[in-house]
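A look at the structure
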Amino acid sequence: MVKGALVPIAKPLANPKFTKKVLKVVKTNSKSKQLRRGVKEVVKSIRKGKRGICVIAGDISPLDVISHLPVYCEENDIPYIFVDSKDDLGAAASTKRPTSCVLAMDTPEALKNEKAKKKYEDVIQGIKELEE
């Protein structure tokens, strides 16, 4: 796979401006330790009933690693969005490694101030608009 090439299932894909908003929410959740990184942790958290926004990198190879995530999120009514780069997602999640997906949870610790809550709700609203 060519570096930077997106997988064909990367829909809804965030535009550059919206990607910035999504990554800010991921960074905020990372600082308050309310973030799950990687496919295994995300699936386990969803299975245990955790709620949040699932952010998936669109440049993952092989595709089979993340192909089940959108369906799994839809089954559990969890909003999800694709972003262009796994490197940017990893950086926003406060890791040195690229990250395939993260779950930004909507716990009270993550949404402790009004500014964080507003950003989180804006991202959810943006995802709903992209899905239409």
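In this report, we go over the structure that sits alongside the text.

Calculation notes
Residues numbered from 1 in each chain as written. Predicted model: local features only at pLDDT ≥ 70, side-chain atom pairs only at ≥ 80, totals over all residues. Heavy atoms only, no water. Helix = DSSP H or I, 4+ residues; strand = E, 2+ residues; numbered from the N terminus. Rg over C-alpha atoms; globule rule 2.2 N^0.38 Å. Buried < 20%, exposed > 50% of the residue type's maximum accessible area, 1.4 Å probe, protein only. Contact = heavy atoms within 4.5 Å. Lys, Arg positive; Asp, Glu negative; His and termini not counted. Charge placed at Lys NZ, Arg CZ, Asp CG, Glu CD. Salt bridge = Lys/Arg side-chain N within 4 Å of Asp/Glu carboxyl O. Phe/Tyr/Trp six-rings, centres within 6.5 Å; stacked < 30°, edge-to-face > 60°.

Regarding its fold elements, the protein chain presents five helices and four strands. Overall, the protein chain shows an N-to-C arrangement of helices and strands of α-β-α-β-α-β-α-β-α. Taken against the 2.2 N^0.38 rule, which gives 14 Å for 132 residues, the C-alpha radius of gyration of the protein chain at 13 Å falls within 12% of a compact globule. Counting only C-alpha atoms and orienting by the principal axes, one finds that the protein chain spans roughly 40 × 35 × 30 Å. With 132 residues in all, the protein chain has 46% of them scored as buried. Residue pairs at least 24 apart in sequence account for 83% of intrachain contacts in the protein chain once pairs closer than 6 positions are excluded. Separation between the mean location of the 26 positive side-chain charges and that of the 17 negative ones in the protein chain comes to 8 Å.

Our focus in this paragraph is the pattern of salt bridges. Side chains carrying opposite charge are able to pair once their charged atoms draw close together. Scanning all chains against the criterion turns up one salt bridge. With a closest N to O distance of 3.2 Å, Asp122 and Lys118 form a salt bridge. With a gap of four residues between them, Asp122 and Lys118 both fall in helix 5 (residues 114–131), about one helical turn apart. Under the relative-accessibility criterion, Asp122 is labelled partly exposed at 29%.

With that settled, consider the packing of aromatic side chains. All told, the structure shown has one aromatic pair when counted by the stated rule. Centroid distance Tyr80 to Phe82: 6.3 Å. Interplanar angle 85°. Geometry classified as edge-to-face. For Tyr80, a relative accessible area of 7% translates into the label buried.

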